[in-house]
Amino acid sequence: MEVRRTTVRDMRRSNRSVILTGIYREGPLSRQELTVRTSLSAASVSNLVAELIAEGVVEEAGSVESEGGRPRVLLRVAPTFRYVVGAEVGETRVRVELFDLAMNVLARADHPIATPSPEAVVKHVLEGLSTVIAASGIQPEQVLGLGVAVAGVVEDNAIVDAQTLGWEAVPLAELLAEGTDIPVHVDNGANMLGQAEMWFGAGRGATDAVVALVGSGVGSALVAGGSSYRGARSSAGEWGHMTIMYGGRQCRCGALGCLEAYVGAEGVLDRYRLAGGTVGADEETAFVELLESTTEPATAIVNDTIGYLAAGFANLVNLVNPERIVLGGWAGLLLGEKHLDELRAEVGKHALRRPYAQVSIVLCELGRDAVALGAATLPVVRLLRDGGVVR
């Protein structure tokens, strides 16, 4: 086996990456704070920061008083050094958003879709990309990359298997790359929600967490020891397909008794319809009406949904012992905003006492745009890993 030797250039890029990641994830930071956090020498930090400032990647952002000395100058990643685009591929629409590097939304585009076929998704993502670039007034070459979040299992080479959508081995990144020169990155939607919440939202500070996405379908992102846990082939976190009732309702994946068939919005509304409830054509509007209804069938379905979701959370508590569970996704947020206390109490009835006492169950802080935001961090990850060098 050939052993690759680490060169001085490799070390320099690695040190730049450490500094830039610290500034981005924990900043603004002073040079002194970077020296402590990175364990690099003060001279190395000073030299590398000077490089990053000269290249426009980092900028000074005010100062703070120091004990017995001059004010310390704070550093941040320059928000307008480059821009990133995130796309959320849902089952009823494609949402595309353009951000600066401070993750401020500068432009957005929404495209409803009747059927999320690969062809329709590629068409609407590329249309959305063109729309947000034009609306923001920036040049395409200023965009670091396009991150795309999609349901299903995403292999390292961006091949997507989405059983519930009928996708099998779809080379999504390759298809998108045929229509743009901007680098394309693809990942699972629940993982992208998790990344957004762990970086900027309700997951910050936690090292062992689960971020649950409840929309039309159900998924989760697992974080262990501060790192994303993906499993052997990137399919870890398919919590929605945990069996909670043997021989139960048929899930969209084809199996019986999956959690998704009971707490995903599509499954919840189907159960309500079978109980005699009236369900409109628009899934999100129908879900809101269900939660607001005081009729006996609606109340029973909502209570059952809380119970099923609580059982799913209790399984997570017992299995992975997280310190925090973050509930997100549009349906999860709607349900949690009204019934979070009931949900917490129900989890306590099913989980083991000690791990339940150690977990907090909270709502996603970033709202319904969190998946697109998470997708937009994919090109940011590349920039940080490369030490601010734009490929």
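Coordinates for the structure precede this section.
Here's what I pulled together on the structure shown here. Quick caveat, the model's predicted, so the values are computed rather than measured. (Residues numbered from 1 in each chain as written. Predicted model: local features only at pLDDT ≥ 70, side-chain atom pairs only at ≥ 80, totals over all residues. Heavy atoms only, no water.)

### Brief notes about the sheet that holds strand S14 (residues 227-229)
Hydrogen bonding along the main chain pairs the strands of a sheet, whether they run parallel or antiparallel. This is how it is decided: Pairing between two strands is assigned when DSSP locates at least 2 bridges connecting them. In this description a helix means any DSSP run of H or I spanning at least four residues, a strand means any run of E spanning at least two, and both kinds are numbered starting from the N terminus. Lines are fitted to the C-alpha atoms to define the axes, a helix being fitted only along its stretch in contact, and any angle between axes, read from their N-to-C directions, falls within 0 to 180 degrees. We call two residues in contact whenever any of their non-hydrogen atoms come within 4.5 Å of each other.
Here we have five strands laid out as an open sheet, ordered S14-S13-S12-S15-S16, and mixed in their pairing. Among the strands making up the open sheet, the edge pair consists of S14 and strand S16 (360-363). Strand-to-strand twist in this sheet, taken as the mean axis angle between neighbours without regard to direction, amounts to 25 degrees. The pairing of strand S12 (residues 209-214) with strand S13 (residues 218-224) spans six bridges and is antiparallel. Looking at S13, one finds that alanine 212 is bridged to serine 220. Those strands touched by helix H6 (residues 189-200) are S12, S13 and strand S15 (324-328), and its axis lies near 125 degrees from that of S12.

### Here we look at helix H8 (residues 265-274)
Within an α-helix, residues lying three or four positions from one another point in the same direction, as the helix has 3.6 residues per turn. For the record, the criterion: To sort residues, take the accessible area from a 1.4 Å probe on protein chains only and compare it with the maximum for the residue type: under 20% means buried, over 50% means exposed, and anything in between is partly exposed.
Along H8, the residues that are buried comprise Ala265, Gly267, Val268, Leu269, Arg271 and Tyr272. Of the residues trailing H8, glycine 276 is marked for its positive phi of about 100 degrees.

### Structural notes on the side chain of glutamine 195
Tracing the backbone through its elements, the reader meets glutamine 195 in helix H6. Residues contacting glutamine 195, with those up to four places away along its chain left out, are Gly374, Thr377 and Val381.

### Some details on the sheet that holds strand S9 (residues 159-162)
Overall, antiparallel pairing links the three strands, which are arranged S8-S9-S10 in an open sheet. Edge positions in the open sheet fall to strand S8 (153-154) and strand S10 (167-171), since each of these has one partner strand only. Bridge analysis of S8 against S9 gives two bridges, and the strand direction is antiparallel. Residue valine 153 lies in a different strand from S9, and its bridge partner there is aspartate 161.

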